[in-house]
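Examining the three-dimensional arrangement
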Amino acid sequence: MKRMDALSKLGNSTDTHRLEELSSALDRIQPVGLVERIQAIAQNVSDMAVRVEQILQRSITTNRAKEGAYGQCEIPKDPRYPDCTSKMDWMRARWTSDPCYAFYGVDGSDCSFLIYLSEVEWFCPPLVWRNQTTTPTLKPLARKQAVFQSDVGALLEQVGTGKESLSFMKRRIRRLAAQWASAARRLDEKLHSHWRDQKKILVHVGFLTEESGDVFSPKVLKGGPLGEMVQWADIVTALHVLGHNVKISVSLKELHGFLGVPPGRGSCPLTGALPFDLIYTDYHGLQQMKQHMGLSLRKHKCHIRVIDTFGTEPAYNHEEYATLHGYRTNWGYWNLHGQQYMTMFPHTPDNSFMGFVAEELNETERLYIQRNKVNNMAVVYGKDASMWKLQDKEKFLAVLNRYMEIHGTVYYEAQRPPEVPAFVKNHGLLPQQELQQLLRKAKLFIGFGFPYEGPAPLEAIANGCIFLQPKFNPARSSLNHEFFRGKPTSRKVSSQHPYAEQYIGKPHVITIDYNNSQEFDAAIREVMKINVEPFLPYEYTCEGMLERVHAYIQNQDFCSPEVPFPPVNSSEALLERLFIRQPNSRVLSWASSSISFPAWPPLAALRLLTSLQGQSCVEACQSKGLICEPAFYRFINIKEAFSALGFQCEGVESEMNHLFPAFSTEHGECSLQVDPLLFSCAGSSAKHQRLCPCRDHREGQVALCKECL
């Protein structure tokens, strides 16, 4: 209509010089048939205008008839729908802003606005004059059993083609297929072939879509970062092997098709019920869903799981709180449950640990490594030349060169990268299998401090290398380091790879101050003396990842309303008996005889303790060999928990604060948490002792308590 309006104005305008220019141009050129074609187009436009006029007249007549029949479609006055009037005003002014409204039958009349706002959205009450049977009630689908799958052929077809990143993921899936299959058999035996619900799962890899810029795919063969692609390949494989119905999307077009996004600009809800039980995506994908799902994102966001490398803490996730207290960043503020974020390493207990896998060695490969290790051979961690641009690099590499032959795997096209010293033997970028052969010979894998928390050190340790890395003093965080600035976490990173430092440690991992040349020299000599076996933590094996992902899928539920705690009519005497002190300890555990309550992890795993002043619950639990468990916060957010721990409360207050529940050492006040989204293991205060819900964990699997399977 806008186009036809512009054409009509062209003929009627006093500014007719454009038509005169066209006329003179035609006089000069006179190509064969052009004038006849323009005349035909003009006639078509004229015919179209007549046809559109007829359609509009008929539509207006129909609407007038409707409005007469429906008593002018007055806005219902219903206190349960307080936004109905304001939404009607908005629709009157803006319904043409997105074609999706017309797709749902909105035509500019009040009746169509009311029908849309009561049946497509939910801001107005159901209309009595509408035939309500037109909206069928969906019967819940019959439950299906998930059966372990060892064949990855169907998965490879789903991953698709056309991007080097997808080719990389498919090569990885093929290479590890046999390990996934044997891991699935072992887990099936461990679970005694118990029933597992099959879920419909959408995996939308947002960072690989063209709309997000996809800066990763072009760099796959040029030394670019592969950690995210390693993790996504392992996620889709784990979901497939566990027997779930998986769909994969790497474009907006695919996302629209899978979700049922109506045509338009994303203002309207989906065309039907959400066709998936779970959606795994990343921050890019989350933003795309916000733009294209309309109100449906708010309705269905409990089904979403966000793959988030560095973690998102509750203070940054809560939009209102983050905005008021200076935690607002470009990434957080989605108001999700903290455990809907899934990390690459188990560094943020407020989130769920997803992880990835490293290849396991068989006995033949282990023997090969024992026989072929070269005691004076080192490989540098860093396949992009920019990772070698470090101050004092030459100094400590010169020390290393006195003892060892140094190898690099830095990408280059024609000339050797100038950042790589001449005494380093550079192999260029190696395919995965050739890199593994290099690591199986090398004694040392050495990091320069970047990249942070990647998969390569675990792969090197799994191939029998010792990993040497720099200690950061002071620790790096979003407060003092450019790389972490803007990330939704206050976590302090103490070394290049904190997981390797804390969970693996010596002799496989040595963390030192590279600025201390004597300490560096002593570390190299220590590496030369000791021999280590290949080592891989269970949680980074195929079986460990399958076990963890299975437990999440079958037990985590952020959509069903939580049963209130404490239960209604609970007596004060009962609540005072909820916790019992463990022998010779200040740690409390759950008194299972007092009250039975459904929870996952099970309440038998709960250990309650207090932090020191200035200590987070992450640190407090770790000091006792435990893991902070945010799912338990709601069971300790009661005044009886303070008295069980021996605190004398001068007063009890409730407030929105990510440090609460906590005891104020200055005023003797006990403070409870108001908003469950702010229950946080992270965070500390010099003025508070925090109440910390901890749990035990399975050997080699920090994500799960001992009774969590």
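These remarks concern the structure in this document. If you're wondering where the values come from, they're calculated on a predicted model, not measured in any experiment.

About the thresholds
- Residues numbered from 1 in each chain as written.
- Predicted model: local features only at pLDDT ≥ 70, side-chain atom pairs only at ≥ 80, totals over all residues.
- Heavy atoms only, no water.
- Salt bridge = Lys/Arg side-chain N within 4 Å of Asp/Glu carboxyl O.
- Helix = DSSP H or I, 4+ residues; strand = E, 2+ residues; numbered from the N terminus.
- Buried < 20%, exposed > 50% of the residue type's maximum accessible area, 1.4 Å probe, protein only.
- Disulfide = S-S within 2.5 Å.
- Pairing = 2+ DSSP bridges.
- Phe/Tyr/Trp six-rings, centres within 6.5 Å; stacked < 30°, edge-to-face > 60°.
- Lys NZ or Arg CZ within 6 Å of the ring centre and 35° of its normal.
- Axes fitted to C-alpha atoms, helices over the stretch in contact; angles between N-to-C directions.
- Parallel < 35°, antiparallel > 145°, perpendicular 65-115°, else oblique.
- Left-handed = near helix turned anticlockwise from the far one by under 90°.
- Contact = heavy atoms within 4.5 Å.
- Nonpolar A, V, L, I, M, F, W, Y, C, P; charged D, E, K, R; others polar.

1. Some points on the pattern of salt bridges
- Using the criterion set out here, one finds 26 salt bridges in the structure.
- Among the ionic pairs, K222 bridges to E413, the shortest N-O distance being 4.0 Å. Separated by 191 residues along the polypeptide, K222 in the loop between β1 (200-204) and α9 (227-241) and E413 in the loop between β8 (405-408) and β9 (425-426) bring together distant segments of the chain.
- For K222, a relative accessible area of 42% puts it in the partly exposed group.
- Put simply, E419 and K389 hold a salt bridge, and the shortest N to O gap is 3.9 Å. Within this pair, whereas E419 is found in the loop between β8 and β9, its partner K389 is found in the loop between β7 (377-381) and α16 (393-403), the two being separated by 30 residues in sequence.
- For K389, a relative accessible area of 57% corresponds to the exposed category.
- Members of the salt-bridge network, linked through shared partners, are R186, K190, E543, E547 and R698.

2. What to know about the state of the cysteines
- If you walk through the whole model with that rule in mind, you get nine disulfides.
- The side chain of C100 participates in a disulfide bridge whose partner is C268; the two sulfur atoms lie 2.0 Å from each other. Torsion about the S-S bond of the C100 and C268 cystine: about 75°, corresponding to right-handed handedness. One end of the pair, C100, is in helix α5 (residues 99-103); the other, C268, is in the loop between α10 (252-259) and β3 (278-281), and 168 residues separate them in sequence. Exposure class is identical for C100 and C268. Each is buried.
- Residue pairing for C705: its cysteine sulfur links by disulfide to C708, the two sulfurs lying 2.2 Å apart. Around the S-S axis, the bridge from C705 to C708 shows a dihedral of about 105° and counts as right-handed.

3. Describing the pairing of strand β16 (residues 607-610)
- Examined bridge by bridge, strand β15 (residues 588-590) and β16 share two bridges and lie antiparallel to one another. Residue L588 lies in a different strand from β16, and its bridge partner there is L608.

4. Here's the deal with the environment of A358
- Along the polypeptide, A358 turns up in the loop between β6 (352-353) and α15 (363-372).
- Judged by relative accessible area, A358 falls into the buried class, the value being 1%.
- For the pair A358 and A460, spaced 102 residues apart in the sequence, the C-alpha separation amounts to 9.4 Å.

5. A short note on the packing of aromatic side chains
- For the structure shown, the criterion picks out 45 aromatic pairs.
- Summarising the aromatic geometry, the rings of Y101 and Y116 are spaced 5.3 Å apart at their centres and angled 75° between planes, so their arrangement reads as edge-to-face. Of the two residues, Y101 sits in helix α5 while Y116 sits in helix α6 (residues 110-119), which places them 15 residues apart along the sequence.
- On the basis of relative accessible area, Y101 is assigned to the buried category, the value being 4%.
- Centroid distance Y499 to Y540: 5.2 Å. Interplanar angle 75°. Geometry classified as edge-to-face. Here the residue Y499 occupies a position in helix α19 (residues 498-504), and Y540 occupies one in the loop between α20 (517-529) and α21 (542-555), the gap between them amounting to 41 residues.
- The exposure class of Y540 is buried, given its relative accessible area of 0%.
- Taken together, F310, F450, Y452, F472, F483 and F484 form an aromatic cluster joined through their ring pairs.
- The ring of Y333 has R328 lying over it, and the distance from NZ or CZ to the ring centre is 4.0 Å.

6. Details of the packing of helix α8 (residues 164-190) against α21
- Between α8 and α21, the least distance of the axes is 8 Å, while the angle of their chain directions is 50°. When the axis of α8 is compared with that of α21, the two are oblique. Two packed elements cross with a definite hand, and for α8 against α21 that hand is right-handed. Here α8 contributes Q179, W180, A183, A184, R186, L187 and K190 to the contact with α21, which in turn contributes C542, E543, M545, L546 and E547.
- Residues belonging to the contact of α8 with α21 are distributed by class as follows: seven nonpolar, one polar and four charged.

7. Focus: the pairing of β7
- Taking burial as the measure, the five residues of β7 include five buried ones, the bulk of the element.
- Direction of pairing for β7 relative to β8: parallel, over a ladder of three bridges. Note on β8: the bridge partner recorded for V379 is H407.
- Of the strand pairs in this sheet, β7 and strand β10 (residues 444-447) are connected by four bridges, and their pairing is parallel. Along β10, the bridge assignment pairs Y381 with G447.

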